[in-house]
Amino acid sequence: MADTISSLIAGRWRDATGPEYTTEYPADGSAVATLHAATATDVDEAVQAAESARRLPTWANLKRHERAGLLHRIAAGIRARGEELAQLQRLDNGKPISETRALVASAAGTFQFFAAACETWEDSLTPARGDYLTMSVHEPLGVVGAITPWNSPIASEAQKLAPALAAGCAVVIKPAEITPRMAIELARIAQQAGLPDGILSVLPGKGSIVGDALVRHPLVKRIAFTGGTTVGLGLAKLAAEKLMPISLELGGKSPTIVCADADLDHAVAGVLYGIFSSSGESCIAGSRAFVHVSVYDEFKARLLAGVKALRVGDPAAESTQMGPLVNLGHRASVERYVQLGRDEGGQVLAGGARPQGGLFDRGSYYLPTVIEGLPNSARMCQEEIFGPVLALLPWTDEAELIAQCNDNVYGLASGIWTRDYKAAWRIGRALQTGTVWVNTYKVFSVSTPFGGLKMSGTGREKGRLGILEYTAQKSFYWGLNEQPLPWAA
Ligand code: NAD
């Protein structure tokens, strides 16, 4: 039976005022949670409460080390409930348990990291150019709206909530409609850790209603958005009308380059992990593999053997590497892309179908798929599929390779497999992506800024300076002159 869950709105756990809906477990379609969707009225209540709460001495007067202490307690709260959260996250989006455990651990690490950054970041004395002292200080921007997608909820939410709280802001989270639980549980943990009422609200519901109302609300002073490029572009326009800062972590179509001298054991494992982990439902999925012609056949043979050995199945099983896609509608979209690839002249070397029998017939599963024979200009090589579909492309000339990698609207991430560090540096500097992985892929550190170029977004999350994204700089001039300004004499 589905859990019944309520939302945290303006410091109170209650049902939101919109219609009831039920979320489903992608592995078998069973009901997971029943809740009420939020409305624009709930958004207004949450934002008004956030604005009041952030001005109260209980939040506004907290010293940095005290806010850091709160973030440490949230990190500890996440760790204490780690296994339970990982299981809930698995039920929400069907990711294998091994992956959801890693996401939960990374969320705890994010709070720990921003606790340290909160306590140690320094405002500055700037070099004065006259008889005065100049200072630059950072102040919280105000109420922040955090809008997140369904693919890695707890990590996306922690990446926004931790730096925003560290900066002294109040936050309203709008999780994806189908994956509300991580934000709700984070709010419970934050409350138990001592976060004052009203500083955090969680409003699940439709993007076009809740997300839209949040972005438009006059008291919301910053948006942190992770999601698709089309939605992100629309929000950027709305934010521009208010001159409101917005960070946009959007889609990708990331190239992975295998050079002639690559260690193929590492490259094959890295390419498999890069595209098929999370069933390819990852903004940084390495969905275009450019393989040097001299090793193309050998790489392809090893890759296909690797694909065959992938363990697709029940996300609750410890050994599962690939679970289902998030729902049947999304699987249909992936299937349309594979058909498009076929229509464009591609040959399906692996997958290209649903697995059959047992659990597979109840959930939204799709086999890991490899397609070759398409030019980089094909739609299947240009558009984000957000599924387990890899395009394999041969290359010969480095300049032509770089041109093809960059010939895409996205610029999120890329990978290079080579033993030649000079080539890696040369190619890496030429790639128009926010992250470059060399001889590894899809590894993450909260201390390293993350974000996209081109249509993959703007702004950076993570990194020590991530806190500053939630602050406004204010400059002070302190007059030190013994004489009045030479004006009134
Ligand atoms: P989505 O854009 O449909 O939704 C993301 C969030 O925005 C959800 O909470 C949704 O309800 C909300 N939303 C939708 N329409 C809205 C509107 N009109 N106004 C305000 N909010 C609205 O994306 P998705 O399908 O949930 O997630 C998949 C996408 O997210 C992919 O494109 C993926 O690449 C991207 N993504 C990017 C990153 C990154 O860090 N760059 C990370 C994860 C996912």
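Located above this text is the structure these notes cover.
Right, let's walk through the structure included here. For clarity, every value in this text was computed on a predicted model and none was experimentally measured. (Residues numbered from 1 in each chain as written. Predicted model: local features only at pLDDT ≥ 70, side-chain atom pairs only at ≥ 80, totals over all residues. Heavy atoms only, no water.)

Observations regarding the pattern of salt bridges
All told, the structure shown has 24 salt bridges when counted by the stated rule. The partner of R14 in a salt bridge is E45, with the nearest N and O atoms 2.6 Å apart. Separated by 31 residues along the polypeptide, R14 in strand β3 (residues 12-14) and E45 in helix α1 (residues 40-55) bring together distant segments of the chain. Salt bridges sharing common partners tie together R81, E84, E185 and R188. (Salt bridge = Lys/Arg side-chain N within 4 Å of Asp/Glu carboxyl O. Helix = DSSP H or I, 4+ residues; strand = E, 2+ residues; numbered from the N terminus.)

Some words on the site of the ligand
Around the ligand sit 26 residues in total, of which T148, K174, G228, L250 and E384 are the nearest. Note that an oxygen atom of the ligand is positioned 2.6 Å from one of the side-chain N or O atoms of E384. If the ligand stood free it would expose 840 Å²; the protein chains cover 82% of that surface. For the shell around the ligand, the secondary-structure elements that each account for two or more residues are α8 (207-216), β11 (220-226) and α9 (229-242). Sorting elements by how many residues they give to the shell around the ligand places α8 first, with four residues. Considering only residue class, the shell around the ligand consists of 13 nonpolar, nine polar and four charged. Mapping the shell around the ligand onto the domain boundaries places at least three of its residues in each of domain 1 (3-250 + 456-475) and domain 2 (255-438). (Near = heavy atom within 4 Å. Polar contact = N/O pair within 3.5 Å; in protein donor to acceptor, adjacent residues only side chain to side chain. Areas by Shrake-Rupley, 256 points an atom, 1.4 Å probe, with all protein chains shown as cover. Nonpolar A, V, L, I, M, F, W, Y, C, P; charged D, E, K, R; others polar. Domains from an automatic or database assignment.)

Description of helix α3 (residues 64-80)
Between the first and last C-alpha of α3 there are 24 Å, a value that for 17 residues agrees with the 24 Å anticipated at 1.5 Å per step. Buried residues of α3: R67, A68, L70, L71, I74, A75, G77 and I78, and no others. Close packing links the buried residues of α3 with α2 (57-60), α4 (82-93), α5 (97-120), α6 (153-167) and α7 (181-192). (Expected span 1.5 Å × (residues − 1). Buried < 20%, exposed > 50% of the residue type's maximum accessible area, 1.4 Å probe, protein only. Contact = heavy atoms within 4.5 Å.)

Digging into unusual backbone geometry
Positive phi values are uncommon outside glycine, yet A10 reaches one of about 55 degrees. Here A10 falls in the partly exposed class, since its relative accessible area comes to 25%. Positive phi, normally seen in glycine, also occurs at S278, with a value near 55 degrees. Note that S278 resides in the loop between α10 (264-276) and β14 (288-292). You can call S278 buried: its relative accessible area is 4%.

Considering a nonpolar patch on the surface
Residues L125, L133, F476, W478 and L480 make up a contiguous nonpolar surface patch of roughly 510 Å² in combined accessible area. The residue L480 is located in the segment after β23 (471-479) in this model. Under the relative-accessibility criterion, L480 is labelled exposed at 53%. (Patch = residues over 30% accessible without salt bridge, like charges linked within 9 Å, V, L, I, M, F, W, Y side chains within 5 Å.)

Remarks on the sheet that holds strand β5 (residues 31-36)
Here we have three strands laid out as an open sheet, ordered β1-β5-β4, and mixed in their pairing. Two strands lie at the open edges of the sheet, namely β1 (3-4) and β4 (20-24), each paired on one side alone. Pairing geometry for β4 and β5, over five bridges, is antiparallel. Paired with T23 across the bridge in β5 is A33. (Pairing = 2+ DSSP bridges.)

Purely spatial values, then, with no claim about function.
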